[in-house]
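What the coordinates show
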Amino acid sequence: MLFRVVLSAAAAAAPSLKNAALLGPGVLQATRIFHTGQPSLAPVPPLPEYGGKVRLGLIPEEFFQFLYPKTGVTGPYMLGTGLILYFLSKEIYVITPETITTVSTVGLLVYAIKKYGASVAQFADKLNEQKIARLEEVKQASMKYIQDAIDFEKAQQALVQKRHYLFDVQRNNIAMALEVTYRERLHRVYKEVKNRLDYHISVQNMMRRKEQEHMINWVEKNVVQSISTQQEKETIAKCIQDLKLLAKKAQAQPVM
Amino acid sequence: MAGRKLALKTIDWVAFGEIIPRNQKTIANSLKSWNEILTSRLATLPEAPPAIDWAYYKANVAKAGLVDDFEKKFNALKIPVPEDKFTALVDAEEKDDVKSCAEFLSLSKTRIEEYERQLEKLRNIIPFDQMTIDDLNEAFPETKLDNTKYPYWPHQPIESL
């Protein structure tokens, strides 16, 4: 009977204990049938969250419901009291020193479980939850890893579409280099021909200028030679006279 | 000597940068800089040189047949187009690359399928709080404890606890 106490106090623990449901309140619930026919019922349906309801921690609720139509609410209690008194009076149950120890032990146990049962159950639940959370974390991490791998592969596939740019650049470079060479050659030819023609023209120009200068010098030389000494004296005398006249005129002007 | 039409493909430089692996970045950069140098040189050179004014030269050069001679030879001159030995190499390389890319694609696809399968398997396992130890061993075979190799508890090398 102490099993019921333990099970009802530590309700949602250890789901991996398959047999707990068998011995527990499932006897009257009879919702699931174990060890019949085919052994594989996988996946096993989840265990019920809480055990069946009990009164006084011992007697399942179904008993009270069973007696309710005939004896009402107080029926089972009267039955219990009557039975206990019957056992005591007829000495079917003998009061010995063991009774005292039983009463005190049971009292202590009930008190301890009532006071600390919930917190112990909570602690056990937390341990279990931590285990499950760790497993869940591992599962999520591997799922994320696989998803990342898939995305990476997809990105690589997208990049493959762009490979041709590399070769386009190379081909463009080659075409441009060829075109540049060709144009440079054209320009060079033009420059060379033009240079030669310009050279001819500038040589002609220079010759012409030289001839002109030479002729002018020759003409001047001849003219200077042709001026005889007599003519020179006469020209100088005339120049001096002109200058004197000019000087007089110049002196006269500022006085005025 | 007439200029030819240059058929250049437009380049998406962002995509070009994306496909280069890290250890070949310098080569890619040199390719890019060559491209820029060549485009700038191409831009500075006009398509054809300016025409020579033959009439002016004919009027001014004293020597009789010189200008005519030059003109005849100039018009008869055909400048050779530089021959293209390298585009063929690039094309061959591109063909090989296309082949290896196709191979890579197919391998990548098989890898993706493998990953998808594993992902499906992971998605379909029952929630952990409804599992038993046997179910756990089925879903993750590496958790199974080997009772024949390690007959005594904890059935696994102690270091791995």
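Summarised in this report is the structure supplied together with it. Predicted model only: the values in this text are computed from it and were never measured.

**Description of the overall build of chain A**
- Along its length, chain A carries eight helices and two strands.
- When the helices and strands of chain A are read in sequence order from the N terminus, they spell out α-α-α-β-β-α-α-α-α-α.
- Expressed as a percentage of the 256 residues in chain A, the buried residues total 16%.
- Long-range pairs, those at least 24 residues apart, make up 46% of the contacts in chain A with a sequence separation of at least 6.

**Details of the nonpolar core**
- By size, the foremost hydrophobic cluster in this structure holds 14 residues, and its most contacted members are L166(A), V169(A), F16(B), I20(B) and L31(B).
- Taken together, the elements giving at least two residues each to this core come down to α7 (164–226) of chain A together with α1 (13–19) and α2 (25–44) of chain B.
- Ranked by residues supplied to this core, first place goes to α7(A) with six residues.
- Leaving out residues up to four positions away in the same chain, I20(B) has contacts with L166(A), K25(B) and A28(B).

**Some words on the pattern of salt bridges**
- Evaluation of the coordinates by the stated rule reveals 18 salt bridges over all chains.
- The salt bridge partner of E71(B) is K58(B), with a shortest N-O separation of 3.3 Å. Placement of the pair is E71(B) in helix α4 (residues 66–76) and K58(B) in helix α3 (residues 54–60), with a sequence separation of 13 residues.
- For E71(B), a relative accessible area of 19% corresponds to the buried category.
- Classification of K58(B) as partly exposed rests on a relative accessible area of 42%.
- Several salt bridges converge on common partners, so that one network encompasses D168(A), R171(A), D91(B) and E94(B).

**Re the interface of chain B and chain A**
- Between chain B and chain A, the contact holds 74 residues from the first and 56 residues from the second.
- Interface area, chain B with chain A, both sides summed: about 6800 Å², of which 71% is carbon and sulfur.
- Our count for the contact surface shared by chain B and chain A stands at six salt bridges.
- A salt bridge links R163(A) to D97(B); the shortest N-O distance between them is 2.6 Å.
- Linking chain B to chain A there are 13 residue pairs in polar contact (both at pLDDT 80 or more).

What counts, and at which threshold
- Residues numbered from 1 in each chain as written.
- Chains lettered and ligands numbered in written order.
- Predicted model: local features only at pLDDT ≥ 70, side-chain atom pairs only at ≥ 80, totals over all residues.
- Heavy atoms only, no water.
- Helix = DSSP H or I, 4+ residues; strand = E, 2+ residues; numbered from the N terminus.
- Buried < 20%, exposed > 50% of the residue type's maximum accessible area, 1.4 Å probe, protein only.
- Contact = heavy atoms within 4.5 Å.
- Core = buried A, V, L, I, M, F, W, Y, C linked by side-chain atoms within 4.5 Å.
- Salt bridge = Lys/Arg side-chain N within 4 Å of Asp/Glu carboxyl O.
- Buried area = accessible area lost by both parts, 1.4 Å probe.
- Polar contact = N/O pair within 3.5 Å; in protein donor to acceptor, adjacent residues only side chain to side chain.

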